[in-house]
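Overview (structure and organization)
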2 protein chains.
Amino acid sequence: MGITKTDHFTGKQNELAVLAKAIGHPARIAILEYLMKVDTCICGDIVNEMPLAQPTVSQHLKELKNAGLIKGNIEGNAICYCINEEGFEKIKSFFQQIDNYTKNKKNDCC
Amino acid sequence: MGITKTDHFTGKQNELAVLAKAIGHPARIAILEYLMKVDTCICGDIVNEMPLAQPTVSQHLKELKNAGLIKGNIEGNAICYCINEEGFEKIKSFFQQIDNYTKNKKNDCC
DNA sequence: AAAGTTTATCGTAATATTGCAATATAAATA
DNA sequence: TATTTATATTGCAATATTACGATAAACTTT
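Residues numbered from 1 in each chain as written. Chains lettered and ligands numbered in written order. Predicted model: local features only at pLDDT ≥ 70, side-chain atom pairs only at ≥ 80, totals over all residues. Heavy atoms only, no water.

**Digging into the overall build of chain A**
Put simply, the test is: Put simply, DSSP marks the helices as runs of H or I at least four residues long and the strands as runs of E at least two long, and each gets a number from the N terminus on. Under the scheme applied here, a residue whose accessible area is under 20% of the maximum for its type counts as buried, over 50% as exposed, and between as partly exposed, the area being computed with a 1.4 Å probe on protein chains only. By definition in these notes, contact holds between two residues if any of their heavy atoms fall within 4.5 Å.
The number of helices and strands found in chain A is five helices and two strands. In chain A, the succession of α and β elements from N to C terminus is α-α-α-α-β-β-α. Taken across its 110 residues, chain A has 46% of its residues classed as buried. Taking the contacts inside chain A whose residues are at least 6 apart along the sequence as the reference set, 49% of them involve residues at least 24 apart.

**A look at the packing of helix α1 (residues 11-23) of chain B against helix α4 (residues 54-67) of chain B**
Residues and elements named next belong to chain B. Put simply, the rule reads: Geometry is summarised by axes, namely lines fitted to C-alpha atoms with helices restricted to the contacting stretch, and by angles between N-to-C directions that run from 0 to 180 degrees. In what follows, roughly perpendicular refers to angles from 65 to 115 degrees, roughly parallel to angles under 35, roughly antiparallel to angles over 145, and oblique to any angle outside these ranges. In a left-handed crossing the near helix is turned counterclockwise from the far helix by less than a right angle, and in a right-handed crossing that turn is clockwise.
Relative to each other, α1 and α4 sit at 155°, their axes nearing to 9 Å. Here α1 lies roughly antiparallel to α4, going by the angle between them. As α1 runs across α4, the sense of the crossing is left-handed. The segment α1 lies against α4, with V18, L19 and A22 engaging E63, L64 and A67.

**Details of the interface of chain A and chain B**
Put simply, the rule is: In the sections that follow, a salt bridge refers to a side-chain nitrogen of Lys or Arg positioned within 4 Å of a carboxyl oxygen of Asp or Glu. Throughout this description, a polar contact denotes any pair of N or O atoms lying within 3.5 Å of each other; where both atoms belong to protein, one of them has to be capable of donating a hydrogen while the other can accept it, and for residues adjacent in sequence the pair is counted only when both atoms sit in side chains.
With 50 residues of chain A at the contact, the number on the chain B side is 50 residues. The interface formed by chain A and chain B includes two salt bridges. A salt bridge links A:D99 to B:K92, with the nearest nitrogen and oxygen atoms 3.4 Å apart. One can count six residue pairs in polar contact (both at pLDDT 80 or more) joining chain A with chain B.

Dropping the structure here:
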């Protein structure tokens with residue numbers, strides 16, 4: 001079908017899935033890494049840094065923004081994108097949960 | 001196209017993308033949470049806990065296993081699945097990197 | 001105003017994902 | 001050995017994703 005049955009899962013599970021899914025593409029990871037590297041909002045050359053066509057990069061940026069992992073403002077004829085820490089905060093607790101679990105894990109059969 | 005241009009990205013970026021993508025589905029998050037909750041390898045009732053048909057759950061388990069997020073052994077006529085901490089270790093450093101960045105972030109225009 | 005620059009959107013093709021019914025496989029048990 | 005139980009695989013339909021050319025939109029510069 002290709003359609004995810006979100007109705008059957010909790011809001012948190014769906015929210016986390018959206019965030020993880022957004023990270024789940026090498027181009028989007030490369031974009032996030034680039035935004036961290038330059039540490040500035042004059043990011044007009046993201047397209048030049050990517051091995052993808054401009055419309056494709058634009059689409060990936062849109063997805064990152066929709067997921068809440070980056071934020072951006074219009075600045076003249078350039079767009080200013082940067083990391084949105086709020087999005088990452090939401091994922092953090094999930095990984096802390098995993099971390100916590102693995103430290104106290106009792107079973108060891110696998 | 002639907003095909004990801006993995007060739008143009010680094011091995012790390014692709015590896016991380018695979019892991020994040022595997023987490024990027026509510027059913028797979030629910031499975032991971034369940035495995036943590038029960039903290040045992042007698043996990044034969046994952047299917048009963050999920051609002052999905054048995055073949056669908058089996059497929060999601062397979063994807064989690066392929067990504068290295070869970071591991072499993074055959075135990076009689078039941079399968080023993082549990083969290084594979086190695087997979088999560090690989091993601092951890094990426095989030096630490098993000099965390100580190102947001103703490104020292106200089107720009108604040110967005 | 002015209003031309004240039006930069007990013008977004010539209011349309012489309014190719015491939016991937018999701019989900020399930022049907023069936024297969026494999027071990028446990030009667 | 002036949003039946004039951006539990007998981008995996010196959011095959012398929014519906015939808016989603018990825019990528020890009022063409023074009024639009026919006027601002028800058030000449």
